[in-house]
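Structural characterization, general
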4 protein chains.
Amino acid sequence: MFKSIHEECGVVGIFEFENKPITDSIYFTLQALQHRGQESAGIAVCESGVIKQQKGLGLVNDVFKKEKLDEIKYGNMAIGHVRYSTTGLNNINNVQPLVIRHIKGNLALAHNGNLTNANELRQINEMHGAIFHGSSDTESILYCIVRERIKAKSIEEAIENTMYKIKGAYSCVAMSPKKIIAFRDPNGFRPLSLGKTKSGGYIVCSETCAIDSIGGEFIRDILPGEIIVISDDGVKSILTHQNKKNSFCIFEYIYFARPDSILEGTSVHKARVESGRLLAKESPVDADIVIGVPDSGLDAALGYSIESKIPYTVGFVKNKYIGRSFIMPEQELRENMVNIKLNVIKENIKGKRVVLIDDSIVRGTTIKKIINLLKDAGASEVHVRIPSPPFRYPCYFGTDIDSKEHLIANKCGSIEEIKDYIGATSLAYISTNSLKKIAINSKCGFCMACFTGKYPVSIPTNTEKNKFEEKITR
Amino acid sequence: MFKSIHEECGVVGIFEFENKPITDSIYFTLQALQHRGQESAGIAVCESGVIKQQKGLGLVNDVFKKEKLDEIKYGNMAIGHVRYSTTGLNNINNVQPLVIRHIKGNLALAHNGNLTNANELRQINEMHGAIFHGSSDTESILYCIVRERIKAKSIEEAIENTMYKIKGAYSCVAMSPKKIIAFRDPNGFRPLSLGKTKSGGYIVCSETCAIDSIGGEFIRDILPGEIIVISDDGVKSILTHQNKKNSFCIFEYIYFARPDSILEGTSVHKARVESGRLLAKESPVDADIVIGVPDSGLDAALGYSIESKIPYTVGFVKNKYIGRSFIMPEQELRENMVNIKLNVIKENIKGKRVVLIDDSIVRGTTIKKIINLLKDAGASEVHVRIPSPPFRYPCYFGTDIDSKEHLIANKCGSIEEIKDYIGATSLAYISTNSLKKIAINSKCGFCMACFTGKYPVSIPTNTEKNKFEEKITR
Amino acid sequence: MFKSIHEECGVVGIFEFENKPITDSIYFTLQALQHRGQESAGIAVCESGVIKQQKGLGLVNDVFKKEKLDEIKYGNMAIGHVRYSTTGLNNINNVQPLVIRHIKGNLALAHNGNLTNANELRQINEMHGAIFHGSSDTESILYCIVRERIKAKSIEEAIENTMYKIKGAYSCVAMSPKKIIAFRDPNGFRPLSLGKTKSGGYIVCSETCAIDSIGGEFIRDILPGEIIVISDDGVKSILTHQNKKNSFCIFEYIYFARPDSILEGTSVHKARVESGRLLAKESPVDADIVIGVPDSGLDAALGYSIESKIPYTVGFVKNKYIGRSFIMPEQELRENMVNIKLNVIKENIKGKRVVLIDDSIVRGTTIKKIINLLKDAGASEVHVRIPSPPFRYPCYFGTDIDSKEHLIANKCGSIEEIKDYIGATSLAYISTNSLKKIAINSKCGFCMACFTGKYPVSIPTNTEKNKFEEKITR
Amino acid sequence: MFKSIHEECGVVGIFEFENKPITDSIYFTLQALQHRGQESAGIAVCESGVIKQQKGLGLVNDVFKKEKLDEIKYGNMAIGHVRYSTTGLNNINNVQPLVIRHIKGNLALAHNGNLTNANELRQINEMHGAIFHGSSDTESILYCIVRERIKAKSIEEAIENTMYKIKGAYSCVAMSPKKIIAFRDPNGFRPLSLGKTKSGGYIVCSETCAIDSIGGEFIRDILPGEIIVISDDGVKSILTHQNKKNSFCIFEYIYFARPDSILEGTSVHKARVESGRLLAKESPVDADIVIGVPDSGLDAALGYSIESKIPYTVGFVKNKYIGRSFIMPEQELRENMVNIKLNVIKENIKGKRVVLIDDSIVRGTTIKKIINLLKDAGASEVHVRIPSPPFRYPCYFGTDIDSKEHLIANKCGSIEEIKDYIGATSLAYISTNSLKKIAINSKCGFCMACFTGKYPVSIPTNTEKNKFEEKITR
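Conventions we followed
- Residues numbered from 1 in each chain as written.
- Chains lettered and ligands numbered in written order.
- Predicted model: local features only at pLDDT ≥ 70, side-chain atom pairs only at ≥ 80, totals over all residues.
- Helix = DSSP H or I, 4+ residues; strand = E, 2+ residues; numbered from the N terminus.
- Rg over C-alpha atoms; globule rule 2.2 N^0.38 Å.
- Buried ≥ 20, exposed ≤ 12 C-beta atoms within 10 Å, placed from the backbone.
- Contact = placed C-beta atoms within 7 Å.
- Nonpolar A, V, L, I, M, F, W, Y, C, P; charged D, E, K, R; others polar.
- Pairing = 2+ DSSP bridges.
- Axes fitted to C-alpha atoms, helices over the stretch in contact; angles between N-to-C directions.
- Domains from an automatic or database assignment.
- Least-squares fit on C-alpha atoms with pLDDT ≥ 70 in both.
- pLDDT = per-residue confidence, 0-100.
- Core = buried A, V, L, I, M, F, W, Y, C linked by C-beta atoms within 7 Å.
- Parallel < 35°, antiparallel > 145°, perpendicular 65-115°, else oblique.
- Left-handed = near helix turned anticlockwise from the far one by under 90°.
- Arc of directions from axis to C-beta.

Attention now moves to the overall build of chain A. In terms of helices and strands, chain A carries 19 helices and 25 strands. The globule rule puts the C-alpha radius of gyration for 474 residues at 23 Å, and the 23 Å found for chain A is close to it. For the C-alpha atoms alone, the extent of chain A along its principal axes is close to 70 × 50 × 50 Å. Relative to its full complement of 474 residues, chain A shows a buried share of 62%. In chain A, of all internal contacts separated by at least 6 residues, the share reaching a separation of at least 24 is 72%.

Here is the structure:
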């Protein structure tokens, strides 16, 4: 309802050394990763070498009812997936994990990211007689693995060879009847963490908050280009795809990830606070209060307050009951949509010069309405400060930012114009220079291509996003 | 609830020469074919060369809600499928039509039947890197078509070549972005009919009742081994796979098909009446009334009455509201299950010598309960007459008869023993000799392998049914 | 979809001498009575003097899911209700049984019928401060009982006194924390039967098919004007309201009741066969076959065949999967609606002179379509014979016949005109004189007011049906 | 999942001077009031004097689907209700608004609060023949109004007279076919506000956030004992029940109400900040950071920080996707329930002396787990500060606090003992003296009976809560 920018997936895998109600654990971790994808969810469980699955469209709570979960309750391994996808007609075929049978048996795969050579891979595979059931590049990864597996000695060797062929962003968790294998692209675009479960097993997942959700213990990030193999022999690392020039998505800190997660060594919450602090240094302003747009603007607002000494306060109450089943009203009332979801605490705003922090501006329509709410509540000035630079370029690495022509930063010629459009007293974005510094403890490089247009790897020549339905030819 | 014998699928395809609300028509035909498969349903529609689909688990009424149907309402071509399948965990992946993308574009396929070389085909394809999402042999057909399509000049040529490779039973409807292609195995195990729609288009479907449901006109049966190609150029027939020794499933007449359908030139209703007539000739009995077990035993009961001159009457009322959501009661009441679904009209039965006709006996438990009901209602004698021979052998051609060891005809040494087990006064089955004659106008040969064990084509060496979940290896 | 004539309710009560999973039994009986009301269903259970309930809109299968039923599984008494009601906005408040608290404790009530003095009773009660939650006259019965109960020594005495005040049709089952009390209006408009359960308890219900559904034993009809009290002391009969001029609804035999029920001593099936027989005597015709419109015309068709010696055969196959969730198609296809639900067995009809039996004609539109189907199938003549006289007058006693002005018998001046409108070769209705004789063993009088306009009791002066929503005033 | 203390209802009414899609507006306001009751929701709409309704169990989003809402879309008046209720079997009968018919027409009523003389009123009414469908005291109010209405000149006069008879807490909105009447008990236990809609109509509602949700304008609180009549003649106030000793529930500020609401002149948010400030004054502590338990502890934490100068920071991330359909896991994982719903931001906590603010302590089990989470995250000290006094006494005025014997303050002899039980380094509650001062601008008196045991009105002698199901007698 608010953002037209979306993370596309969350993945998780758990390995235990004996049979357990492992699906309960996966269910918990998917609840913890729900923010990474709200369109579909799936679980594949392996019990005594047999892989079973449940999946469907909707939130984790919609897809997994008790009786369905109970059918796949037990196992020693399981993987899970949550997904955001543009609502298409075909989408049940795209819900992950994909569980397939190939020459050597079964394989389940969950993928976060986007391949940049998906089209080429699909064409190559199709020339060999491959058939694709969905639009997802995940099927291309599977075909590569399966073709390599024919020659390779093990599933991990097949995956290692596959990684020479697939380009772009992928943080994957695969499950064969005996192993869980996690692998991350050499750039390390998307996060992937390794942890220990309470009972001595292992967990791999997109974010550390999933480890916390089952009371587990964080071990370390899986490295860019690393393959982690978990089996009855324990954990093995394969590092042949290591790469010095990695490029972690910096927007994971700003918006996608949960504040309680630790990515590449830095707390997401801390990175957000730091972004606010740096923003205050770069773009100070004389004002009475600092407020954030809930929920993702709050931490940066706190940072701005700390640095600027302008008091932090609460500007809004968010209605937590407005969900996806909310019924859109007639035109007349639709203008009020923002204050149904977000209401101003007028007492705090009236007569005040306000610094307003939101994580980013996409189309500019939402922030415009929010500024209006503040003015209606009596704010004398509204200084907008954004802890991310203006969006200008598409992302090819697993997120869905609004189309280029809808981005306010592309529609307006200057920051001044954007300021006028949204009705702010003043407007400042963080510089890319400061942005780079928000993840204080992280040693990795960053991808900031959506702000700079400098892509760390080559991008698809066909700039259109690859959508199954639209590509169907005669 | 009553039978452990199941047809596995119904298929349909409609081609029109212009865009129409074609999905409404397909929806009607699937309602008409619902008796052929109640576990899942799907529709794929082609509008201006773009194929969209909707599918799901459950009855046609469960799967297709108005708003979902409306999303795919219009097109000039559409195919549909209803399916029975053993309830497995993976089954969403098996719901048809399968819509896939391959090197030359898109293809949708709906299949009724079972391949006998599905395992071999899967292994061959897997050796070339194929991946299988479901358990269904339909994916094997698709891989064959797609591999042939690389070399072939047209989709119909690819299908023609495919038919040299696939063995067993298949009545299929495929849809490419420009054509609907229907093809039937050379034995003609399962029915497949061609008709004309009211608006001058064409329909192919499992049974003629689907043609009636949209007010269409029956043209003719599609021949065993025939390929029918429907495009803007009209209807084309390819007959390279013709075969003299065809073997239509005789149980379609006895139980599977709808009485108002005409298969291979013979009305199903008439064939059932005839089966009763022949049964009366073979196994007459001195009795007061003839009754049938609803619904499939009624027509044969009428035939028995006509031949024997024993008055036909109504023995039972069936509760039409007992559906799949019926809640099974505690043990104590479960014994009453039959008379919740089926109640005796006592006034007609009391003191009477009854001839009872049921289409077939599988495990014998249901007929035993029904005989008990009649005795409780005061029947002095219950003479059971069955218009099909005893089931003794598995079917490999698209139906699911109970496992060999559960069949009462295999458990009991003789008809006498079965009679005693079910508590009948006398018991007679139709002879295979008479059975052959029930379809008076049909020119085709018949498959009666489930009764005789004489299979018209070689059967799988691995006698186990091929189920995905059970085959998963390490 | 077919008839615009509706029974309005079915009721049931079970008394056991100890705690049991009694709700399972009630659930079974409501399944058996489902044909008497498909709009809502409810169960009230009494366990150790505490009354609990579950109810909702829809079929028994929709309303009662396993987990809900299990919450009220046990008790020594329970009553149930199925209801047809014109779809209104308020209807959840009308779903029965009504469970209320009054000065002496709790009371549950299920009612089949319609009071003719509901308006007067409501006004009287309202003058004393009563409030009505629903439109149903059942609340008026409750207010009368409750007001009488203040003075009376027992609940049965209160009911006895209430019966002096309420007029019209009522077959009721009430449950106090210690007793089940069934009572029937002095005219005996609606059926009500008494039976024994397998475990030695008692059952009262609208039709005997409900007794059969739990394997019980029919004892006798509850008499017009009788009150039956079932408690730990056994069964007691109170006969102070006996009346010689009773008037059982004859349409229960023709259409409403299930053929396997026995009402007033006569099998419904037998009465239907007899109606066909008498019709054949009154209105013979030279023809080749007799067919019935499923399901309610089949028995009369058999009777017509027996009397006329014209062979009985099957004319139609009814699609049993077309339910309430069926999606109505666009106009173009809507004309085909009849042959989606009902398809002709053409082989039986082609070139034949057909006698077509349907239970009744309401608006004439359906029979017109059916005759068309037969002609399209090649019938040379279609002689329509109806085992009930023409509908001309409204019913005030618990059924919902189409409004007077829509009745074809009122729109057309003569039988001849109706014949022309529906396109029959000839048309004949049974005479009221013959109709009276169909229930061979019944000793009771009959209400035939919908055919004759001769009402056995005075009817409401305000001829409008009493609907809550439409009556709301300022 | 977290609190065993519940507000019992939210009410709203809107009056417009012409027909509008008024249900959309009510739907919005119920979304805004959802926090006041999550068990059921209902809307009654009046269009041209006719009252229609929709209601059901569940959240507003569950109960109102688009097609249902559209059935009652238009009207010039509407009232709505959200309700919390202990899950009982009878509850569909208790869902409000209640819409009834009485001698003078129709009436709809929505009630927030609890009568203290509900039992007496019910008995009196029952002696006159009243029947009760639900457990709710709201039916008693209706009976009083309806009985008074017989004698009174107007509905408002009937309500005025009723207010002499009903005791306890009630903030009600009634709707007759021409008027909306809001009335509040003389003590003013529960809030009730008056506002103007954008189109010049009027709104009455439990909290001002509902006015904001439709872009309306707050006018003023409805006074304790006041009756507000809204009709085509505008707004009329009746003040005969005014009372000097009013007693507004102080826990509305602490927990129940939304922070963006203004109750009795004071912003809820401000009152919470003030409570933290006063708590810091009373119970200072040497610490490194102040954190609040989301969401209701955050504002007080900010206040504590402001007063104490100890930095405010974020301690927890709350998983907003964990809803009522969350599946409870096996025992082993259940201990982790708190960190699935609430996860610690470890980076902020490690090595820190923490001041932890939660709005209140009921059983003590949740705070104990939260303290454990903090310790596990490395907190060196955890000083718990609670901006409400210990709960010790039941509430009879419309909220549901845990039963007396489960309250930790009653189980432990001293604050010290509670501190030890929950594992805090130190523990302090706000004093009642300070509590009184949190609502800076409010002129009203307060009810603090749950803390002090001093009830502002006499309480029921039968201390048991009145539950329908449990009271059913013979």
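This part covers the interface of chain B and chain C. Tallying the contact residues gives 49 residues for chain B and 48 residues for chain C. In terms of residues, the side of chain B that touches chain C owes the most to one element, helix α1 (residues 22–33) of chain B, which gives six residues. Taken together, the residues of the side of chain B that touches chain C break down into 24 nonpolar, 15 polar and 10 charged.

Once that is clear, we can look at the sheet that holds strand β13 (residues 227–231) of chain B. All names here are of chain B. If you trace the six strands from one edge of the open sheet to the other, you get β6-β7-β8-β9-β13-β14, paired in antiparallel fashion. Of all strands in the sheet, those with a lone pairing partner are β6 (98–102) and β14 (234–238), marking the two edges. Adjacent strand axes in the sheet meet at a mean angle of 20 degrees when their direction is disregarded. Direction of pairing for strand β8 (residues 168–175) relative to strand β9 (residues 180–184): antiparallel, over a ladder of five bridges. Residue pairing for β9: V173 is matched across the bridge by A182.

Turning our eyes to something else, we now look at the domain arrangement of chain A. By a widely used convention, the size of an interface equals the accessible area lost when the partners come together. Residue and element names in this part refer to chain A. Splitting chain A by domain gives domain 1 (5–247) and domain 2 (267–325 + 333–441). Inter-centroid distance (C-alpha atoms) of domain 1 to domain 2 is 34 Å. Facing the 15 residues of domain 1 at the interface are eight residues of domain 2. Secondary-structure elements contributing two or more residues to the side of domain 1 that touches domain 2 are β1 (5–7), β7 (105–115) and β8 (168–175). Residues that form the side of domain 1 that touches domain 2 fall into these classes: five nonpolar, seven polar and three charged.

For the pair chain A and chain D, the best superposition has an RMSD of 0.1 Å and corresponds to a rotation of 180 degrees with a translation of 0.0 Å parallel to the axis. In the structure described here, the two chain copies are related by an operation that fits a two-fold rotation axis. Among all residues of chain A, the one whose C-alpha sits closest to the rotation axis is K320(A), at a distance of 3.8 Å. Looking at the interface residues of chain A, 100% of them are also at the interface in chain D, so both copies use one shared face.

Here the focus is the relation of the copies chain B and chain C. Between the two copies, chain B and chain C, the superposition gives an RMSD of 0.1 Å; the rotation angle is 180 degrees and the shift along the axis is 0.0 Å. Taken together, the interface assignments show that 98% of the residues at the interface of chain B recur at the interface of chain C, consistent with an identical surface on both copies.

Before going further, it helps to spend a moment on the interface of chain A and chain D. Contacts between the two partners involve 48 residues from chain A, matched on the other side by 49 residues from chain D. Residue contributions to the side of chain A that touches chain D peak at six residues, all from helix α1 (residues 22–33) of chain A. Split by residue class, the side of chain A that touches chain D holds 23 nonpolar, 15 polar and 10 charged.

Residues and elements named next belong to chain A. One can find L115 in strand β7. On the neighbour-count criterion, L115 (28 C-beta atoms within 10 Å) is buried. Each C-alpha atom, one on L115 and one on D137, is 6.4 Å from the other, the two residues being 22 residues apart in sequence. Setting aside residues no more than four positions away along its own chain, L115 makes contact with L121, D137, S140, I166, K167, G168 and Y170.

For a regular strand, side-chain orientation follows a simple rule: the groups alternate between the two sheet faces. Residue and element names in this part refer to chain D. Most of strand β8 (residues 168–175) sits inside the fold, with eight of its eight residues counted as buried. With eight bridges joining them, strand β7 (residues 105–115) and β8 adopt antiparallel strand pairing. Residue pairing for β8: A108 is matched across the bridge by M175. The loop that links β8 with its antiparallel partner strand β9 (residues 180–184) comprises four residues.

Further remarks concern the sheet that holds strand β12 (residues 217–221) of chain B. In sheet architecture, strand pairing relies on hydrogen bonds along the backbone and comes in two forms, parallel and antiparallel. Residue and element names in this part refer to chain B. The seven strands lie next to each other as β4-β3-β5-β2-β11-β10-β12, forming an open sheet whose pairing is antiparallel. Here the strands that pair on one side only, and so sit at the sheet edges, are β4 (50–57) and β12. For this sheet the average axis-to-axis angle between neighbouring strands, irrespective of direction, equals 15 degrees. Across four bridges, strand β10 (residues 193–196) lies against strand β11 (residues 202–205) in antiparallel orientation. The residue of β11 that forms the bridge with K196 is Y202.

Glancing now at the confidence of the model for chain A. Detailed reading of the predicted coordinates is not advisable wherever pLDDT is low. All names here are of chain A. Averaged over every residue, the pLDDT of chain A is 91; the share at 70 or more is 93%. Low pLDDT, under 50, characterises residues 463–474; the stretch is placed with 27 contacts to residues that sit more than four places away or in other chains. Our summary of model confidence lists the complex with pTM equal to 0.92 and ipTM equal to 0.92.

Moving on, we come to the environment of N319(A). Along the chain, N319(A) falls in the loop between β19 (316–318) and α11 (331–334). Taking the number of C-beta atoms within 10 Å as the measure of exposure, N319(A) has 21 and is therefore buried. In the structure, N319(A) is positioned 21 residues away from I340(A) in sequence and 7.0 Å away in space, judged by C-alpha atoms. Dropping the residues within four chain positions of it, N319(A) is found in contact with I340(A), K341(A), Q31(D) and A32(D).

The next thing to look at is the nonpolar core. In terms of nonpolar packing, the biggest core is built from 624 residues, with V12(B) and V204(B) touching the most fellow members. Not counting the four nearest positions on each side in its chain, V204(B) is found in contact with V12(B), G13(B), V173(B), I180(B), A182(B), L192(B), S193(B), L194(B), I222(B) and I228(B).

Turning our eyes to something else, we now look at the packing of helix α5 (residues 138–151) of chain C against helix α6 (residues 155–162) of chain C. Residue and element names in this part refer to chain C. For the pair α5 and α6, interaxial distance at closest approach is 8 Å and the crossing angle is 125 degrees. Between α5 and α6, the interaxial angle falls into the category oblique. Handedness of the α5/α6 crossing: right-handed. Side by side, α5 and α6 meet where I141, C144, I145, E148 and R149 of the first sit next to I155, A158, I159, N161 and T162 of the second.

Residue and element names in this part refer to chain C. Taken together, the buried positions of helix α4 (residues 118–127) are A118, L121, R122 and N125. For α4, the buried positions fall inside an angular range of 100 degrees around the axis, keeping them on one side. Phi turns positive, to about 95 degrees, at G129, one or two residues after α4.

What follows covers the environment of I159(D). Residues and elements named next belong to chain D. In this structure, I159 sits in helix α6 (residues 155–162). Exposure remark for I159: the 27 C-beta atoms within 10 Å place this residue in the buried category. Each C-alpha atom of the pair I159 and F183 lies 8.2 Å from the other, and the pair is 24 residues apart in sequence. Those residues in contact with I159 that lie beyond four places of it in its chain are I145, A174, I181, F183 and I227.

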